[in-house]
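# Topology and contacts: notes
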Amino acid sequence: MSGFRSGFVALVGRPNVGKSTLLNALLGQKLSIVTPRPQTTRHRVLGVASCPNGQIAFVDTPGMHQGERRALNRAMNRAAAAALADADLGVLVVEALRWTEEDAMVLQRLRNTGRPAIAVINKVDKVHPRERLLPYLAQLAARHNFVALVPLSAQKGDNLEGLAGTILAA
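Note that the coordinates shown come from a computational prediction; the quantities given were computed from them, not determined experimentally. (Residues numbered from 1 in each chain as written. Predicted model: local features only at pLDDT ≥ 70, side-chain atom pairs only at ≥ 80, totals over all residues. Heavy atoms only, no water.)

### What to know about the overall build of the protein
Quick note on the threshold: Working definition: helices are DSSP H or I runs of at least four residues, strands are E runs of at least two. Numbering for both runs from the N terminus. Working definition: with a 1.4 Å probe on protein chains only, accessible area under 20% of the residue-type maximum means buried, over 50% means exposed, and in between means partly exposed. Contacts are residue-level and defined by heavy atoms, with any inter-residue pair within 4.5 Å sufficient. The Shrake-Rupley method, run with a 1.4 Å probe, gives the accessible areas here. Residue values count only the displayed protein chains as cover. A residue counts as positive if it is Lys or Arg and as negative if it is Asp or Glu; His and the chain ends are not included. The atom standing in for a charge is NZ when the residue is Lys, CZ when it is Arg, CG when it is Asp and CD when it is Glu.
Broken down by element type, the protein carries 5 helices and 6 strands. In terms of overall dimensions, the protein has C-alpha extents of about 50 × 35 × 30 Å along its principal axes. Sorting the 170 residues of the protein into buried and exposed places 46% on the buried side. When contacts within the protein are restricted to residue pairs at least 6 apart in sequence, those whose partners lie at least 24 apart make up 68%. Split by element, the accessible area of the protein, about 8500 Å² in all, is 52% carbon and sulfur. Averaging the coordinates of the 21 positive side-chain charges in the protein and doing the same for the 12 negative ones gives two points 6 Å apart.

### A closer look at the pairing of strand β4 (residues 89-95)
In plain terms, the rule: Strand pairing follows a simple DSSP-based rule, namely that at least 2 bridges must link the two strands.
Summarising burial for β4: 7 of the 7 residues are buried, a large majority. What you see with β4 is no split at all: L89, V91, V93 and E95 on one side and G90, L92 and V94 on the other are buried throughout. Here 4 bridges tie strand β1 (residues 5-12) to β4, and the two strands are oriented parallel to one another. In the strand pairing of β4, A10 is matched with G90. Pairing geometry for β4 and strand β5 (residues 117-122), over 6 bridges, is parallel.

### Some words on unusual backbone geometry
H128 connects to P129 through a cis peptide bond whose omega is -15°. As for its placement among the helices and strands, P129 is situated in the loop between β5 and α4 (133-143). Positive phi, normally seen in glycine, also occurs at N159, with a value near 70°.

### Digging into the pairing of strand β2 (residues 45-51)
As judged from the 7 bridges shared by β2 and strand β3 (residues 54-60), these two strands associate in the antiparallel manner. Across the sheet, L46 pairs through a bridge with V59, a residue of β3. Following β2, the chain reverses through 2 residues before pairing antiparallel with β3.

### Notes on the pattern of salt bridges
Put simply, the rule is: When a carboxyl oxygen of Asp or Glu is within 4 Å of a side-chain nitrogen of Lys or Arg, the pair counts as a salt bridge.
In the structure shown here, the tally under the stated rule is 4 salt bridges. Two residues, K123 and E95, come together in a salt bridge whose shortest N-O distance is 3.8 Å. Note that K123 is positioned in the loop between β5 and α4 and E95 in strand β4, a separation of 28 residues in sequence. With relative accessibility at 16%, the residue E95 sits in the buried group. Through salt bridges with shared partners, one network takes in R14, E95, R98, D103 and K123.

Everything listed here is a matter of coordinates, which is why it stays silent on function.
Structure representation (structure tokens):
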């Protein structure tokens, strides 16, 4: 089994960027709850994907957010931060053509771990024409030294194989 790799990958991002949808799409089954309502994922959800040359343990995390007034919100942020601290690789999930203060906060938390990171630009199926993504990708690349930028649509299943291959190569 030369070249076989395995590791933990934390899917992090602000609420409603598609982390749970991405996990379900990568696994090919519904494991994590998906709703349009923000903060549906309240605990870490673990899903394992087996590939010919590796195994990836994905950790779907609650959306990180700035409003920590309620105990539940603080607990969800702690759960996401702990999953990220325990991971071998962080996957920052962002929404195509949107960058918010919460995205910046999640990126800073990712940066603070010192872990390698991949940026997933989700919901690219909603961007027309696709060339509109190019300036956004350039801006995102300038924000951090990502291992890779992977544009995809978790809902449509576009470029999921590219993400898995990029993770295994990281």
